[in-house]
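The chain contents come next:
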Amino acid sequence: MLRHHFSRYTPEMVEKICGISPKLFRRVADALVSASGPDKTAAICYAVGWTQQSKGVQIIRSASILQLLLGNIGRPGGGILALRGHASIQGSTDVPTLYDILPGYLPMPRGDGTQATLRDYLATQTKPTGLWHNTPAYFISLLKAYYGKNATAENDFGYDWVPKITANHSFFEYLYDMADGKMEGMFIMGQNPAVAAPNSRFERTALSKLKWLVIRDMVEIESASFWADSPEVDRGELKTEDIETEVFFFPSAGHAENDGTFTNTQRLLQWRQTAVKPPGDCRSDEWFMHQLAVRLIAKAKASNDPMDEPLRALDWWYPEDETGMPHTEAVLAEINGWHTDPAAVVGDRGVVVGGGDPGRNEGVVFGVDREGKPHHGPQVADYNELKADGSTACGCWIYSGVFSRDGVNKGNARQSKDYLGHGWGFSWPSDRRIIYNRASASPTGEPWSERKKLVWWDKAQSKWTGGDVPDFPVGKSPDYRPTRQEKGLDAIPGDAPFMLHEDGLGWIYVPKGLHDGPFPTHYEPLESPVRNLLYSRDTDPVVNWFTRQENRFAPPGDPRFPYVLTTYRLTEHHTAGGMSRFLPHLAELQPEMFAEISPELAIELRIKNSDYICVVTLRGAIETRALVSRRARPLQIDGKTIHQIALPFHFGTAGNVRGAAANDLIPISGEPNVTIMETKALACNIVPGRLPRGPAFEDWLDRYVPRGGPPNLHPEQPPPGAPRGTLAAGHEHESPTT
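Residues numbered from 1 in each chain as written. Predicted model: local features only at pLDDT ≥ 70, side-chain atom pairs only at ≥ 80, totals over all residues. Heavy atoms only, no water.

## Some thoughts on the sheet that holds strand S6 (residues 212-217)
Point 1. Strand order in the open sheet formed by 3 strands is S5-S6-S7, with parallel pairing between adjacent strands. Two strands lie at the open edges of the sheet, namely strand S5 (185-189) and strand S7 (246-251), each paired on one side alone. Sheet twist, expressed as the average angle between the axes of neighbouring strands with direction ignored, equals 15°.
Point 2. One ladder, built from 6 bridges, connects S6 with S7; its direction is parallel. Counted as the bridge partner of Val214 is Phe248 from S7.
Point 3. Against the sheet, helix H14 (residues 285-301) makes contact with S5, S6 and S7, and its axis sits at roughly 150° relative to S5, the strand it touches most. (Pairing = 2+ DSSP bridges. Helix = DSSP H or I, 4+ residues; strand = E, 2+ residues; numbered from the N terminus. Axes fitted to C-alpha atoms, helices over the stretch in contact; angles between N-to-C directions. Contact = heavy atoms within 4.5 Å.)

Written as C-alpha cells, this is what we have:
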C-alpha cells in the first residue's frame, strides 16, 4: 500500500513540485539511507518550517515512516527531534497550555454528551492493551491532584468539575469571538498577539472590542499599547477615544528572576534557580496565578452559585514565602505525585496506611500545607505506582519520578555520569533518555551492534539492562508471547517496542485519530502561485479556513500575488520581540525590519539593496526595506520561475527598534489536527516605494486588494458561515513528542 501510494512521487515529480533536481534529491536520499543499519543511524531534525503548514502533521508523519523503515527509532543518534523555538515549549505541551489535552497528553473530556460521566470518559479513552490501559490510574490521580479530599469515588472524583470541550476553543476561535463582541475580557501572559498572531492587523482590531484586557509582561508590548500607537490608530481605522477596552498592565518577572523548571525538546526537565530578584513590583507568573487563584477561591467560597463549585472544590494548598510566592518545589512535588493518605508509609511490601510520622522519615517525604499541617503522604516513585482508586494524586503522570521519595529534586541534578547525560536533570518518563529504546536491540534481545548498543536482554539475570532506563517491562523476555487474553502491557509481545500502541508495533498506516490521510499526502499551501501537480485538489480537504471577510485567501495562481512569502526568525530577536527589541545591545545588532529578496528579483523589479518596498497580501500591506540576498533563491517549479520573499516576524510599534509586523500579512488558518497556522508559504506581491500614511492607506491598498471582494475567493474555501473547525482541533505552536 505504501509503495502504491508513493509510486507517483518520483524524483522527477519532486523536481516539478519542489524545484529540487533529481541529482540532488538522490544525493540526499543516498546520504540518509546510508546512515541506517546495525552500525549507523541518522536523526531527522525539524523546526516550525515543517509545523507551521496547513499539512504540517502530514510532513512530520512522513519523517516518522521514513525513520521506522530505516530502523532509526529508539537507537543512539536516531529518531526525530523537533527543534523548539523556546526552552520550555515541550513543557507547555506536557503540562499543557493547549485547550484540548490535560497534563500528560490525557484527552480533554467532551461536552457533547458522549462523556457525561467518568465511566463514559474512561470507557472511551482506556485502551484494552498497551500503556494507555492505565488511563484510569493516570486520570483519577490527576483529579485527586486537582480536588484533593473533595474528589471521592462517590462524586466520580470530581469529574463533573472538569471543563468539557463543547466546540473549537482554540485561540483563533476566540479571536473571532472578540471581534464579534462575544468575549468580554482576556488575560495575555507570555504572548504578544498584536504582533505574533496571524492576521495581526485583524487581531489588534479585535482587541479593541474587549471590555477589559490584562497584560502581564516585562515591558509595554504592542498588545498593551495597541489603543494608542497601532498602525490602525495611525491610519484612522481605530480612534483611541472610541476604544473602550480597559487595559490593566501588570509588571512581570522574567524567567531568570524566579525558580522553576524548563522542559526541553529532549523531554529533559531542568531546574533553574533564581539568578536575580525582580525589580520593584514585578512578580513571577507563579506568584500572579497563585494569588489570583487564592482570591477567586475566596470569592467562590462566599458564593452559593453552583457555577462556582469547581473553584470551591480546588485543593489549593501550596505553602508561600514572605512575598506570597508559592514554593515551586511544592508544585513540582504535586506534579510528581504522592500517596494521598498522610499516614501512609511506603516499605518493601508496598504502601502501609497508619503509623506515619508527619515530617520527613527516612526514604519518605511528607508535604505540609500553608497552615503547616500534613497535606499528603509519601511521593510516588514513578507512574507505575499510580492507582485508580483515589489513593494517589499526580499532576502529570509522565513526570513521576522527578521528585520521588528520596526527597531529591532530580531536575536540579548536575552530575552527568554518561554520554546520555544521566545525572543531569530528569528526562520523562522514568529518566529514560531515548524513548522506545527496546528497538535498539534485535527481536531476540541482543544489541544490533557493539558500537550502537543501548539496552539489551541479560539472560543470566532475566532482565533488560544497558546504558539507559529500559523503555520496556524490565522482566519481559524477548520470547514472551501473550495468549490474547491479557490486558495492558501484558498483552504486548517481548519483541514489540512501541508500548504506547495497542499492539506494540510502529505504525506506518494510521487507522484512527488523524483528521486527514492515513498516509502522508502532498497538498499545496492554502495560498500558492502553483497548482497541485499530484492531485485534482490543491489543498488539504479538511483544513480549517476560518472564513471571514477580513481573512481572505488568494486562489491558486492569482496573478495579483505571483510571489511566495515566508516568515522566519532572527538569531538576535526572540519571537514577537518583547524580550529582545527593548534591549539596546540586541536592538543595535538587528535594528530594522527588512524583506529578504533575491538579486534576480531585485533586478526584475529595479529594487536596490535597502530600498523601501511594500509587501501586499489579501490581508493588508506593510512597508519595509529590501535586503538583496543570495539566500532567497528563485525556484524552478514545473518550468516556471517562482520568487520567494522572506520576512522576520519580530518587529512592531514598541521597543527601541520598530518596524512593520510581518504577521499583518498572514491569514488565520488551522491545520486540521492541531490548528496551527500556515506562516511558511503564502502568496504576495511587491510594490517598490513607500506606503502612504493616514487614511490614504486604504485607497492605496484598494488598488491591489479591492475592499468589496467576497471572503471566499479561494475555490476550495468553504462559504461564509460554515463551521470553522473541528471538535478535536487545538492551538499548538509546536507538535508534542507523543
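## Concerning the packing of aromatic side chains
Point 1. Inspection of every chain in the model, using the stated rule, returns 31 aromatic pairs.
Point 2. Taking the centre distance of 5.1 Å and the plane angle of 90° together, the rings of Tyr509 and Phe519 count as edge-to-face. With a gap of 10 residues between them, Tyr509 in the loop between strand S18 (463-466) and strand S19 (563-568) and Phe519 in the loop between S18 and S19 connect regions that are remote in the sequence.
Point 3. Clustering of aromatic rings is evident, with ring pairs tying together Phe171, Phe172, Tyr174, Tyr176, Phe202 and Phe546.
Point 4. Directly above the aromatic system of Tyr159 lies the positively charged group of Lys164, at a separation of 4.6 Å from the ring centroid. (Phe/Tyr/Trp six-rings, centres within 6.5 Å; stacked < 30°, edge-to-face > 60°. Lys NZ or Arg CZ within 6 Å of the ring centre and 35° of its normal.)

## Quick word on the nonpolar core
Point 1. Residues Leu106, Leu118, Tyr138, Phe139, Leu143, Leu386 and Trp397 are the most contacted members of the largest nonpolar core, which totals 49 residues.
Point 2. Those elements giving two or more residues to this core turn out to be strand S3 (101-102), helix H7 (118-125), helix H8 (135-147), strand S9 (268-272) and helix H16 (328-336).
Point 3. Per element, the largest residue contribution to this core is 8 residues, and it comes from H8.
Point 4. Apart from the residues within four sequence positions on either side, Phe139 is in contact with Leu102, Leu106, Pro109, Leu118, Tyr121, Leu122 and Tyr159. (Core = buried A, V, L, I, M, F, W, Y, C linked by side-chain atoms within 4.5 Å. Buried < 20%, exposed > 50% of the residue type's maximum accessible area, 1.4 Å probe, protein only.)

## Some remarks on unusual backbone geometry
Point 1. Residue Pro429 follows Trp428 across a cis peptide bond; omega there is -10°.
Point 2. Although it is not a glycine, Tyr105 sits at a positive phi angle of roughly 65°.
Point 3. Within the secondary structure, Tyr105 sits in the loop between S3 and strand S4 (106-107).
Point 4. Unlike most non-glycine residues, Asp156 shows phi in positive territory, near 55°.
Point 5. With respect to the helices and strands, Asp156 occurs in the loop between H8 and helix H9 (171-179).
Point 6. Judged by its relative accessible area of 27%, Asp156 is partly exposed.

## Re the side chain of Ser170
Point 1. Following the sequence through the fold, Ser170 ends up in the loop between H8 and H9.
Point 2. For Ser170, the side chain forms a polar contact with the side chain of Asn168, separated by 2.8 Å. (Polar contact = N/O pair within 3.5 Å; in protein donor to acceptor, adjacent residues only side chain to side chain.)

## Here we look at the state of the cysteines
Point 1. Evaluated as defined, the whole model comprises 0 disulfides.
Point 2. Distance from the sulfur of Cys45, which forms no disulfide, to the nearest cysteine sulfur (Cys18) is 20 Å.
Point 3. For Cys45, a relative accessible area of 44% translates into the label partly exposed.
Point 4. We note that Cys394 lacks a disulfide partner, and the nearest cysteine sulfur, in Cys396, lies 6.7 Å from it.
Point 5. Overall, Cys394 belongs to the buried group, its relative accessible area being 1%. (Disulfide = S-S within 2.5 Å.)

## What about the sheet that holds strand S8 (residues 260-263)?
Point 1. Judged by pairing direction, the sheet is antiparallel, and its 3 strands sit side by side in the order S8-S9-S16 without closing on themselves. Because the sheet does not close on itself, it has two edges, and the strands there are S8 and strand S16 (426-427).
Point 2. The sheet contact formed by S9 and S16 spans 2 bridges and is antiparallel. Looking across to S16, one finds that Leu269 is bridged to Phe426.
Point 3. On the sheet, H16 packs against S8 and S9 and is oriented at approximately 160° with respect to S9.

## Digging into the side chain of Thr617
Point 1. Among the structural elements, Thr617 can be located in strand S21 (residues 612-617).
Point 2. There is a polar contact of 3.1 Å between the side chain of Thr617 and the backbone nitrogen of Arg619.
Point 3. Of note is the side chain of Thr617, whose polar atom sits 3.0 Å from the backbone oxygen of Leu665.
Point 4. Excluding residues that lie within four positions of it along the chain, Thr617 makes contacts with Phe561, Leu565, Leu665, Ala683, Cys684 and Val705.

## With respect to the pairing of strand S20 (residues 594-597)
Looking along a regular strand, one sees side chains alternate from face to face of the sheet.
Point 1. Every second residue of S20 is oriented toward a common face, with Phe594 and Glu596 on one face and Ala595 and Ile597 on the other, all of them buried.
Point 2. Pairing analysis gives 4 bridges linking S20 to strand S22 (residues 620-628), with the strands arranged parallel. Each residue of the ladder has a partner; that of Glu596, found in S22, is Leu627.

## Here we look at helix H5 (residues 56-70)
Point 1. Across its 15 residues, H5 extends 22 Å between first and last C-alpha, which sits within 8% of the 21 Å expected from 1.5 Å per residue.
Point 2. Every buried residue of H5 is listed here: Gly56, Val57, Gln58, Ile60, Arg61, Ala63, Ile65, Gln67 and Leu70.
Point 3. Those residues of H5 that are buried lie in contact with helix H1 (2-5), helix H3 (22-34), strand S1 (44-46), helix H4 (48-51) and strand S2 (80-82).
Point 4. Remark: Gly71 follows H5 within two positions and exhibits a positive phi of approximately 70°. (Expected span 1.5 Å × (residues − 1).)

Function cannot be read off these values alone, since they describe shape.
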